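In case you want the letters, here they are:
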Amino acid sequence: MNVIKIGDVITLNHQFADEASKDSAELAPKVHLHDACGKQTCSIEIKVNGLDPNRPRNAKGEYDLTYAQRRVRDYFEQRGKQVEFDPTTGKIFWLKD
């Protein structure tokens, strides 16, 4: 079983915060770790309504879910791991075994 370490969550949250401008830092995505018997998952907290896969932010400067998913996927792929997202909301993810 692949394990998402708390350090990975902290690093991802720091990367999102560092990429946000000072006036939009509260809009940066946040990753939360959920650890339960038999399955470990994470969720992306994001404050945006519209999704645009071609832009990291919507017209109001808010981050979109597609951008956050891409950043999470890239982060873990650089570490040789694959991420799978829940097809229902796209906000919950886990590492593939």
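So, how was this worked out
- Residues numbered from 1 in each chain as written.
- Predicted model: local features only at pLDDT ≥ 70, side-chain atom pairs only at ≥ 80, totals over all residues.
- Heavy atoms only, no water.
- Core = buried A, V, L, I, M, F, W, Y, C linked by side-chain atoms within 4.5 Å.
- Buried < 20%, exposed > 50% of the residue type's maximum accessible area, 1.4 Å probe, protein only.
- Helix = DSSP H or I, 4+ residues; strand = E, 2+ residues; numbered from the N terminus.
- Contact = heavy atoms within 4.5 Å.
- Pairing = 2+ DSSP bridges.
- Axes fitted to C-alpha atoms, helices over the stretch in contact; angles between N-to-C directions.
- Phe/Tyr/Trp six-rings, centres within 6.5 Å; stacked < 30°, edge-to-face > 60°.
- Lys NZ or Arg CZ within 6 Å of the ring centre and 35° of its normal.
- Expected span 1.5 Å × (residues − 1).

Brief notes about the nonpolar core
Here is a general trend for soluble globular proteins: nonpolar side chains tend to be buried in one another's company.
Part 1: In this structure, Val31, Ile44, Val72, Phe76 and Phe93 are the most contacted members of the largest nonpolar core, which totals 20 residues.
Part 2: Within the residue set of this core, elements represented by two or more residues are helix H1 (6-19), strand S2 (39-45), helix H2 (65-77), strand S3 (83-85) and strand S4 (92-95).
Part 3: For this core, the element with the most residues is H2, which contributes six residues.
Part 4: With residues near it in sequence (within four places) discarded, Val31 still touches Val9, Leu12, Asn13, Phe16, Cys42, Ser43, Val72 and Phe93.

Notes on the sheet that holds strand S1 (residues 30-36)
Part 1: Strands sit in the order S1-S2-S4-S3 across an open sheet of four strands; the sheet is antiparallel. Looking at strand neighbours, the two that pair on one side only are S1 and S3, the edges of this open sheet. Within the sheet, the average angular offset between the axes of one strand and its neighbour, ignoring direction, is 30°.
Part 2: Note that S1 and S2 share seven bridges and pair antiparallel. Among the inter-strand pairings, Lys30 is bridged to a residue of S2, identified as Glu45.
Part 3: Against the sheet, H1 touches S1 and S2, its axis set at about 165° to S1.
Part 4: The strands touched by H2 are S1, S2, S3 and S4; relative to S3, the strand with the most contacts, the crossing angle is about 155°.

Here's the deal with the packing of aromatic side chains
Part 1: The final tally for this structure, using the stated rule, is four aromatic pairs.
Part 2: Cluster of aromatic residues (ring-pair linked, three or more members): Tyr75, Phe76, Phe85 and Phe93.
Part 3: One residue, Arg79, lies across the ring of Tyr75, its end atom 3.6 Å from the ring centre.

Describing the environment of Gly38
Part 1: Tracing the backbone shows Gly38 in the loop between S1 and S2.
Part 2: For Gly38, a relative accessible area of 70% translates into the label exposed.
Part 3: Remark: the alpha-carbon pair of Gly38 and Met1, spanning 37 residues in sequence, is separated by 9.7 Å.

Some points on the pairing of S4
Part 1: Across two bridges, S2 lies against S4 in antiparallel orientation. Across the sheet, Ser43 pairs through a bridge with Ile92, a residue of S4.
Part 2: Pairing between S3 and S4: three bridges, direction antiparallel. Bridging across to S4, Phe85 finds its partner in Phe93.

So, H2
Part 1: Relative to the 18 Å expected for 13 residues at 1.5 Å per residue, H2 spans 18 Å between its end C-alpha atoms, a close match to the ideal helical length.
Part 2: Of the residues making up H2, those classed as buried are Leu65, Thr66, Tyr67, Ala68, Gln69, Val72, Tyr75 and Phe76.
Part 3: Those residues of H2 hidden inside the fold are in contact with H1, S1, S2, S3 and S4.

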